[in-house]
Amino acid sequence: MPEFNLNESKCNSCGTCSSLCPTGSIQMNQYPHQSPDSSCISCGHCEAGCEGGALQINNPNLEPPLTNISSKISPEELGAYMRNRRSIRNYKNKLVSPDTIKEVMDIVRYAPTGMNSQPVKWVILENPSKVKELSSICIDWMKKEVENDSPLSQYVPMESLITVWNTGIDPILRGAPHVFIATASDSSATVDGIIALSHLELALPAFGLGACWAGYLKMAATGYEKVNEFLNLKDDSFIGALMVGYPESKYFRIPKRNKVDIRFLD
Ligand SMILES: Cc1cc2nc3c(=O)[nH]c(=O)nc-3n(C[C@H](O)[C@H](O)[C@H](O)COP(=O)(O)O)c2cc1C
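These figures come from a predicted structure and were not determined experimentally.

The subject of this paragraph is the site of the ligand. The local shell around the ligand consists of Arg85, Arg86, Ser87, Arg89, Arg174, Cys212, Trp213, Ala214, Gly215, Tyr216 and Arg257. Interatomic distance of 3.2 Å between a backbone N/O atom of Tyr216 and an oxygen atom of the ligand. Contact distances for the ligand include 2.7 Å between an oxygen atom and a side-chain N or O atom of Arg257. When contributions to the shell around the ligand are tallied by element, the ones reaching two or more residues are strand S7 (210-213) and helix H9 (215-223). Here the residues of the shell around the ligand sort into four nonpolar, two polar and five charged.

This next bit is on the packing of helix H5 (residues 128-147) against H9. The interhelical angle for the contact between H5 and H9, taken along N-to-C directions, is 65 degrees, at an axis separation of 10 Å. As H5 runs across H9, the sense of the crossing is left-handed. Contact with H5, carried on its side by Leu134, Cys138, Trp141 and Met142, involves Tyr216, Leu217, Met219, Ala220 and Gly223 of H9 and no other residues of that element. A class-by-class count of the residues in the contact of H5 with H9 yields eight nonpolar, one polar and no charged.

Let us now look at the nonpolar core. Buried together is how nonpolar side chains tend to be arranged in soluble globular proteins. Ranked by internal contacts, the top residues of the largest apolar core, which has 33 residues, are Leu134, Leu173, Val179, Leu217, Val227, Leu231 and Phe238. Those elements that place two or more of their residues in this core are H5, helix H7 (158-166), strand S6 (178-184), H9, helix H10 (225-230) and strand S8 (237-245). Ranked by the residues each element gives to this core, the list is headed by H5, at seven residues. For Leu231, the residues in contact, after removing those within four places along its chain, are Val123, Leu125, Leu134, Ile181 and Phe238.

Moving on: the pattern of salt bridges. Counted by the stated rule, this structure contains four salt bridges. In this structure, the salt-bridge partner of Arg85 is Glu201, at a minimum N-O distance of 2.9 Å. Taken together, the residues span a long stretch of sequence, with Arg85 in the loop between helix H3 (75-83) and helix H4 (98-108) and Glu201 in helix H8 (residues 190-203) at a distance of 116 residues. One continuous salt-bridge network, built from bridges that share partners, spans Glu63, Asp106 and Arg109.

What counts as what
- Residues numbered from 1 in each chain as written.
- Predicted model: local features only at pLDDT ≥ 70, side-chain atom pairs only at ≥ 80, totals over all residues.
- Heavy atoms only, no water.
- Near = heavy atom within 4 Å.
- Polar contact = N/O pair within 3.5 Å; in protein donor to acceptor, adjacent residues only side chain to side chain.
- Helix = DSSP H or I, 4+ residues; strand = E, 2+ residues; numbered from the N terminus.
- Nonpolar A, V, L, I, M, F, W, Y, C, P; charged D, E, K, R; others polar.
- Axes fitted to C-alpha atoms, helices over the stretch in contact; angles between N-to-C directions.
- Left-handed = near helix turned anticlockwise from the far one by under 90°.
- Contact = heavy atoms within 4.5 Å.
- Core = buried A, V, L, I, M, F, W, Y, C linked by side-chain atoms within 4.5 Å.
- Buried < 20%, exposed > 50% of the residue type's maximum accessible area, 1.4 Å probe, protein only.
- Salt bridge = Lys/Arg side-chain N within 4 Å of Asp/Glu carboxyl O.

What follows is the structure, encoded as structure tokens:
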């Protein structure tokens, strides 16, 4: 539970903090105060929505953002940005600097999480040779699946992936210099991890970077303990992963997609 500090001289008793609180933890008398049975989730909406800056919530774990609130983007700009996101499968032979990674991740940590629990932890492979090693572990897993004629090997084109791998091309992690893996110690955090990965995938192009979901790696992590051992996950669970790097090729058009399927209920 964070410390709730109010500067009464700045508070105009508008009650906005109380109305923004998702858990009903702020009560209004003359001034807002934390209710005795507060179930505050530290979401910070009270502090963020206080125009006069009268409120502060403090907790040693909480860190302020690097940027301020001014952000305006038109629907056209946002639409163009999001539609231009592509799965990147060809990467430049160039590493992403730790400073850029930190900058990106400072955005990603604002992804929503259930009950504001913020359970997602990241494992980031910094070294392309580690990425290749991880691909080879996935290929080993696929070989075993094929040998055992497993149901998954009939559904996933494992034999052709192994054939491609044998030609020196990596069809699993696509020669990406980095892999970002979302993990959590709480196995119920899967949705939070997937949302965080989606935020990461969307944030990267603003830095000139690109990503691709590592679906085969996820399958291997689910079926093959050696993946988790390689990543030294111990008791944490592997939620999902993205290959990350600087795109080698450019796209000149947005690919076609299915028409949206919506049913409005009145
Ligand atoms: C959950 C998930 C897993 C994926 N796994 C892989 C993968 O293992 N390898 C790959 O090349 N692409 C993978 N993709 C990328 C999809 O093929 C891609 O999103 C789709 O073809 C649409 O292309 P776009 O992302 O450029 O719009 C995955 C995408 C998702 C959402």
